[in-house]
Amino acid sequence: MLLLRKDNNIDLYQSIKNEIFGCSYVTEKQKLIKQIFDAIDHKNYWIACIGLSTVLEFLLAIESDFNSIKISVLLKNFKDNVGNIDIKEYEVGFLFSLDGFLENYSIPTNGFEREKEPKYINRHWIAHGRMYRELTKVDTYQILFAIYAMIRIMDMERRVKLQEDI
């Protein structure tokens, strides 16, 4: 996991926040995003996780063919082109860990009994209000970083397509 001094964490959080607010993909969700960051700032992690999950689902559904196969293609394209894009050092971990996060995040559930609850964030458990455990700052940041990574990968994909069209 990324280890930074507290002052760098604040810079990182603000940088990610600014990137998400400035992202054209989520323009329609600006009011929700503001409320999410207000929830994070007030340590209301349940509210933040539910809102972030909504934004992540929105990003994953932007295109009608944006399914797990499409996500795999985006991740492969990113990994193949990582040397050709402008990337900050701390982003590498977010971007390369996105596929593992999304796999756990979207894995189907086999019932919602307490003993079956996963130790990781899962969209089904959040969407159906079945979480028994407390959602934490760490959970919140996992989804936040996944959103950030998705935005960066989608931007990279757009830049690659633009270069191909030239």
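Keep in mind it's a predicted model, so treat the numbers as computed, not measured.

Basis of the calculations
Residues numbered from 1 in each chain as written. Predicted model: local features only at pLDDT ≥ 70, side-chain atom pairs only at ≥ 80, totals over all residues. Heavy atoms only, no water. Helix = DSSP H or I, 4+ residues; strand = E, 2+ residues; numbered from the N terminus. Contact = heavy atoms within 4.5 Å. Areas by Shrake-Rupley, 256 points an atom, 1.4 Å probe, with all protein chains shown as cover. Axes fitted to C-alpha atoms, helices over the stretch in contact; angles between N-to-C directions. Parallel < 35°, antiparallel > 145°, perpendicular 65-115°, else oblique. Left-handed = near helix turned anticlockwise from the far one by under 90°. Expected span 1.5 Å × (residues − 1). Buried < 20%, exposed > 50% of the residue type's maximum accessible area, 1.4 Å probe, protein only. Arc of directions from axis to C-beta. Core = buried A, V, L, I, M, F, W, Y, C linked by side-chain atoms within 4.5 Å.

1. Side note on the overall build of the chain
In step 1: Along the backbone of the chain there are seven helices and zero strands.
In step 2: Listing the helices and strands of the chain from first to last along the sequence gives α-α-α-α-α-α-α.
In step 3: Of the contacts made within the chain by residues no fewer than 6 positions apart, 58% connect residues no fewer than 24 positions apart.
In step 4: With an accessible surface of roughly 9800 Å², the chain has 54% of that area assigned to carbon and sulfur atoms.

2. Concerning the side chain of lysine 17
In step 1: Topologically, lysine 17 is positioned in helix α1 (residues 6-21).
In step 2: What lysine 17 contacts, discounting residues up to four positions off in sequence, is Phe37 and Asp41.

3. Some thoughts on the packing of helix α2 (residues 30-41) against helix α3 (residues 45-60)
In step 1: Look at α2 against α3: their axes get within 8 Å of each other, and the N-to-C directions meet at 150 degrees. Relative to α3, the element α2 lies roughly antiparallel. Classified by chirality, the crossing of α3 by α2 is left-handed. When α2 is examined against α3, the residues Leu32, Ile33, Ile36, Ala39 and Ile40 are found in contact with a partner set consisting of Tyr45, Ile47, Ala48, Gly51, Leu52, Thr54 and Val55.

4. Let's talk about α2
In step 1: Counted at 1.5 Å a residue, the expected span for α2 with its 12 residues is 16 Å, and the 16 Å between its end C-alpha atoms agrees.
In step 2: Taken together, the buried positions of α2 are occupied by Ile33, Ile36, Phe37, Ala39 and Ile40. Taken down its axis, α2 places every buried residue within 155 degrees of arc, on the same side.
In step 3: Looking one or two residues beyond α2, the residue adopting positive phi is lysine 43, at roughly 60 degrees.

5. Side note on the nonpolar core
In step 1: Core analysis: the largest hydrophobic core is formed by 41 residues, its most contacted members being Ile20, Leu56, Ile143 and Ile147.
In step 2: Looking at this core, the elements that each hand over two or more residues are α1, α2, α3, α5 (91-106), α6 (123-127) and α7 (137-165).
In step 3: The biggest single contributor to this core is α7, with 12 residues.

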